[in-house]
Amino acid sequence: MHGNQPRTITPDDLPEVITRYLTAHRAHDTGTAITTFTDDATVIDDGNTYRGSSAIEQWLDRSATEFTYTIHLTNAQEADTAHYIATHHLEGNFPGGTIDLRYRFTLRDDLIEHLSIEP
């Protein structure tokens, strides 16, 4: 992340926009989740890239209904004031049944400009 070694922070120290996104995502609240992104944001998930509000909204809708799972925030890190990592443990009916995923956020103007989700 731009040469900065991320430092561990408490989940409460994540920026409000990330917390709002994560809460909405867990609740399958697409309407709230989409408001946390910039209009030109990108999301990379499962090898696919989604650009712009419309594509991200479709991704959010699909990810909310494709599988049933629980999600728990297990770690939070800050690289700098624009780059954060939130690690989640998921268990559900998706292939493999359990996985730890790193949600890598880039912020711009107090919104999410880029989100990359990877093991």
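The structure we're discussing is the one just above.
Residues numbered from 1 in each chain as written. Predicted model: local features only at pLDDT ≥ 70, side-chain atom pairs only at ≥ 80, totals over all residues. Heavy atoms only, no water.

**Some thoughts on the packing of aromatic side chains**
Keep this limit in mind: Each pair of aromatic rings taken from Phe, Tyr and Trp, with Trp reduced to its six-membered ring, is defined by centres within 6.5 Å and is described as stacked if the planes are under 30 degrees apart, edge-to-face if over 60, and tilted in the remaining cases.
What the rule picks out here adds up to 4 aromatic pairs. An aromatic cluster of at least three residues, connected via ring pairs, comprises Tyr21, Phe37 and Phe105.

**A short note on the nonpolar core**
As a reminder of what qualifies: Buried Ala, Val, Leu, Ile, Met, Phe, Trp, Tyr and Cys residues form a nonpolar core when they are joined through side-chain atoms within 4.5 Å. Burial classes: relative accessible area under 20% of the type maximum marks a residue as buried, over 50% as exposed, and values in between as partly exposed (1.4 Å probe, protein chains only). The helix count covers DSSP runs of H or I at least four residues long, the strand count covers runs of E at least two residues long, and both are numbered beginning at the N terminus. By the convention used here, residues are in contact when the closest approach between their heavy atoms is within 4.5 Å.
Core analysis: the largest hydrophobic core is formed by 30 residues, its most contacted members being Tyr21, Ile56, Trp59, Tyr103, Phe105 and Leu115. Listed by contribution, the elements that provide at least two residues to this core are α1 (16-26), α2 (30-34), β2 (37-45), α3 (52-66), β4 (69-80), β5 (83-92), β6 (98-108) and β7 (111-118). Considering each element in turn, this core owes the most residues, 5 residues, to α1. With near-sequence residues (within four places) excluded, Ile56 lies in contact with Ile34, Phe37, Ala41, Thr42, Val43 and Tyr50.

**Focus: the sheet that holds β4**
Condition: Two strands are said to pair when DSSP picks up at least two bridges between them. Where helices are involved, their axes are fitted lines through C-alpha atoms of the stretch in contact, as for all axes, and angles between N-to-C directions lie from 0 to 180°.
With mixed pairing, 7 strands are arranged side by side in an open sheet as β1-β4-β5-β6-β7-β2-β3. Looking at which strands have only one partner, the edges of the open sheet turn out to be β1 (7-9) and β3 (48-51). The mean angle between the axes of side-by-side strands here comes to 20°, regardless of whether they run parallel or antiparallel. With 4 bridges connecting them, β2 and β3 associate as antiparallel partners. Its bridge partner lying in β3, Val43 is registered against Tyr50. Packed on one face of the sheet, α1 meets β2, β4, β5, β6 and β7 and runs near 140° to β6.

**Examining the pattern of salt bridges**
The following threshold applies: In what follows, salt bridge is the name for a side-chain nitrogen of Lys or Arg lying within 4 Å of a carboxyl oxygen of Asp or Glu.
For the structure on display, the rule yields 7 salt bridges. Between Arg20 and Glu16 there is a salt bridge; the shortest N-O distance is 2.8 Å. With a gap of 4 residues between them, Arg20 and Glu16 both fall in helix α1, about one helical turn apart. Residue Arg102 pairs with Glu118 through a salt bridge whose shortest N-O separation is 3.8 Å. Taken together, the positions of Arg102 in strand β6 and Glu118 in strand β7 put the pair 16 residues apart, joining distant regions of the chain. Classification of Arg102 by relative accessible area gives partly exposed; the value is 28%.

**Let's talk about the environment of Phe94**
Topologically, Phe94 is positioned in the loop between β5 and β6. With 49 residues separating them in the primary sequence, Phe94 and Asp45 have C-alpha atoms 14 Å apart. Not counting residues within four places of it along the chain, the set of residues in contact with Phe94 comprises Phe67, Tyr69 and Ile99.

**Looking at the pairing of β4**
Note that β1 and β4 share 3 bridges and pair antiparallel. For Thr8, the partnering residue across the bridge sits in β4 and is Gln77. By the bridge criterion, 10 bridges tie β4 to β5 in an arrangement that is antiparallel. When the sheet's bridge partners are listed, Leu73 is paired in β5 with His88. Count of turn residues in the β4/β5 antiparallel hairpin: 2 residues.

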